[in-house]
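An overview of the molecular structure
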Amino acid sequence: MTVTYASYLKIPELLSLQQPESGRDGTAEHDETLFIVIHQVYDLWFKQQIHECSLLQRCLEAGDDPMAVATLRRMLTILKVMVSQLDVLETMTPLGFHSFRARLQSSSGFQSAQFRVFETVLGNRRESARTQFPDGSSEQAAVAAAWSRPTLWQSFLRRIARSGFPVPASEMDGVRQAPCEPSTALQDILLDVYRNRPPERVICELIVDFDEGLQEWRYRHMKMVERTIGFKQGTGGSPGVPYLRSTISTSLFPDLWAIRTRF
Ligand code: HEM
């Protein structure tokens, strides 16, 4: 069979996946289509970011710096698109969202398994990501699989260990069970990297760009939520904006931030 645009990209299947809840009883709300499309696009970007992060980790561990840098740049470019996409959602007024919000019942971006996988791989390991999905679900299995992998930070530390820096094995090896805690010993090594190893310094700065970009996404999402639902509770059951505000300054790589004060 000839491969065509539609058959290769599964366009008919793709276009059949936007099914507004408000359309079921003939009261289709115009903005619900946008709401569905944008969430689906985000979940596709999460998928791509997880895919790229696997490559990045392999490159770091193999010492392939040019490919690691190229992959990090791609991830950053995707992240910028992800942040700017919130502009599209902000064209939806509070009334537009209110017209179908009740149809969402308890569903929320909070339940995006891919977002949790992405956070887990990046190193933001919180027990709640493992327990929030039902036992035996595919979402729980996906988070567990990500949890068993090294974090991006561990892969980076293995990379600088290859250059001869005395990274403690306890920082690089084993299955991380919690977010990174600041380590003065690692900061001493990073100060040395910054002062004496320009190639590794480039990678460090790109990783900081990524951390900052993810915080930017969290901030923009929180403000978008505030202008859309104010201080209402989230459909996922959290207090809404106050919860999102508490996550904004989540820093994935605290040592890379801490060294700024020490130069
Ligand atoms: C009108 C649009 C949106 C509103 C009102 C909204 C609201 C919220 C609220 C209130 C929460 C906190 C959890 C809860 O109680 O539900 C949340 C979490 C979240 N939302 Fe949204 N959201 C919107 C759009 C999006 C979009 C487009 C995405 C992209 C995937 C997204 C991804 C997330 C994620 C990943 C979380 C979890 C954040 C975390 O736990 O750190 N949201 N959202």
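With that out of the way, let us pick up the packing of helix α7 (residues 113-122) against helix α13 (residues 198-229). Where α7 contacts α13, the axes come no closer than 13 Å and their chain directions differ by 150 degrees. If you check the angle between α7 and α13, you find them roughly antiparallel. For the pair α7 and α13, the sense of crossing is left-handed. Every residue of α13 that contacts α7 at Phe 115, Phe 118, Glu 119 and Leu 122 is listed here: Phe 210, Leu 214, Trp 217 and Arg 218.

A few words now on the site of the ligand. Around the ligand, the structure places 26 residues, and the nearest of them are Ser 108, Arg 116, His 221, Ser 238 and Tyr 243. At a separation of 2.8 Å, an oxygen atom of the ligand approaches a polar side-chain atom of Arg 218. In this structure, an oxygen atom belonging to the ligand sits 3.4 Å away from a main-chain N or O atom of Gly 237. For the shell around the ligand, the elements supplying multiple residues, two or more each, are α3 (31-62), α7, α13 and α14 (241-247). With 6 residues, α13 is the single largest residue contributor to the shell around the ligand. Class assignment of the residues belonging to the shell around the ligand gives a composition of 13 nonpolar, 11 polar and 2 charged.

Let us look at the pattern of salt bridges. Counted by the stated rule, this structure contains 19 salt bridges. The salt bridge partner of Glu 119 is Arg 116, with a shortest N-O separation of 2.7 Å. Here the residue Glu 119 and the residue Arg 116 both occupy positions in helix α7, the gap between them amounting to 3 residues, near one helical turn. According to the relative accessible area criterion, Glu 119 is buried, its value standing at 4%. Classification of Arg 116 as buried rests on a relative accessible area of 4%. Residue Asp 173 is joined to Arg 158 by a salt bridge in which the shortest nitrogen-to-oxygen separation is 3.9 Å. Taken together, the residues span a long stretch of sequence, with Asp 173 in the loop between α11 (169-172) and α12 (184-196) and Arg 158 in helix α10 (residues 152-162) at a distance of 15 residues. In this structure Arg 158 comes out as partly exposed when scored by relative accessible area, which is 23%.

On to the coordination of the iron atom of the ligand, then. Among all protein atoms, only His 221 (NE2) binds the iron atom of the ligand, sitting 2.2 Å from it. Along the chain, His 221 falls in helix α13.

Next up on the list: unusual backbone geometry. Most peptide bonds take the trans form, and the phi angle of most residues other than glycine is negative. The residue Lys 10 is not glycine, and still its phi comes out positive at about 55 degrees. Among the structural elements, Lys 10 can be located in the loop between α1 (5-9) and α2 (11-15). Unlike most non-glycine residues, Gln 105 shows phi in positive territory, near 50 degrees. Summarising the element assignment, Gln 105 is placed in the loop between α6 (94-101) and α7. The exposure class of Gln 105 is exposed, given its relative accessible area of 65%.

Of all hydrophobic cores here, the largest spans 69 residues; its most connected members are Trp 153, Phe 156, Ile 160 and Leu 256. Tallying contributions element by element places α13 first for this core, with 12 residues.

What the rule picks out here adds up to 0 disulfides. Distance from the sulfur of Cys 53, which forms no disulfide, to the nearest cysteine sulfur (Cys 59) is 11 Å. Residue Cys 204 stays outside any disulfide, its sulfur separated by 13 Å from that of Cys 180, the closest cysteine.

Cut-offs applied
- Numbering of residues begins from 1 in every chain and follows the order in which that chain's sequence is written.
- At least 70 in pLDDT is required for a residue's local features to be given in this predicted model, at least 80 for side-chain atom pairs to be given and counted, and no such filter applies to totals for whole chains, interfaces and linings, which use all residues.
- The basis for every side-chain value is the complete set of non-hydrogen atoms in the structure, without hydrogens or water.
- Here an angle of 0 to 180 degrees is reported between the N-to-C directions of two axes, which are lines fitted to C-alpha atoms, with helices fitted over the stretch in contact.
- In DSSP terms, a helix is any run of H or I states spanning at least four residues, a strand is any run of E spanning at least two, and both are numbered starting from the N terminus.
- Orientation labels follow simple angle bins: below 35 degrees gives roughly parallel, above 145 gives roughly antiparallel, 65 to 115 gives roughly perpendicular, and whatever is left gives oblique.
- Crossing chirality is assigned from the near helix's rotation relative to the far helix, an anticlockwise turn below a right angle marking it left-handed and a clockwise turn marking it right-handed.
- Contact criterion: two residues are considered in contact whenever any of their non-hydrogen atoms come within 4.5 Å of each other.
- Put simply, a residue is near a molecule or strand once any heavy atom of it comes within 4 Å of that molecule or strand.
- Any pair of nitrogen or oxygen atoms within 3.5 Å is treated as a polar contact; in protein, a donor-acceptor pairing is required on top of that, and neighbouring residues in sequence qualify only through side-chain atoms on both sides.
- Residue type decides the class: Asp, Glu, Lys and Arg count as charged, Ala, Val, Leu, Ile, Met, Phe, Trp, Tyr, Cys and Pro as nonpolar, and the leftover types, Gly among them, as polar.
- Any carboxyl oxygen of Asp or Glu that lies within 4 Å of a side-chain nitrogen of Lys or Arg is treated as forming a salt bridge with it.
- Buried means the residue's accessible area, taken with a 1.4 Å probe over protein chains only, is under 20% of the maximum for its type, while exposed means over 50%, and partly exposed covers the values in between.
- Counted as donors are the N, O and S atoms within 2.8 Å of the metal, or 3.2 Å for Na, K and Ca, while water is not among the atoms, so some sites may look incomplete.
- Joining through side-chain atoms within 4.5 Å is the link that ties buried Ala, Val, Leu, Ile, Met, Phe, Trp, Tyr and Cys residues into a set, and such a set is a nonpolar core.
- We call a pair of cysteine sulfur atoms a disulfide when they lie within 2.5 Å.

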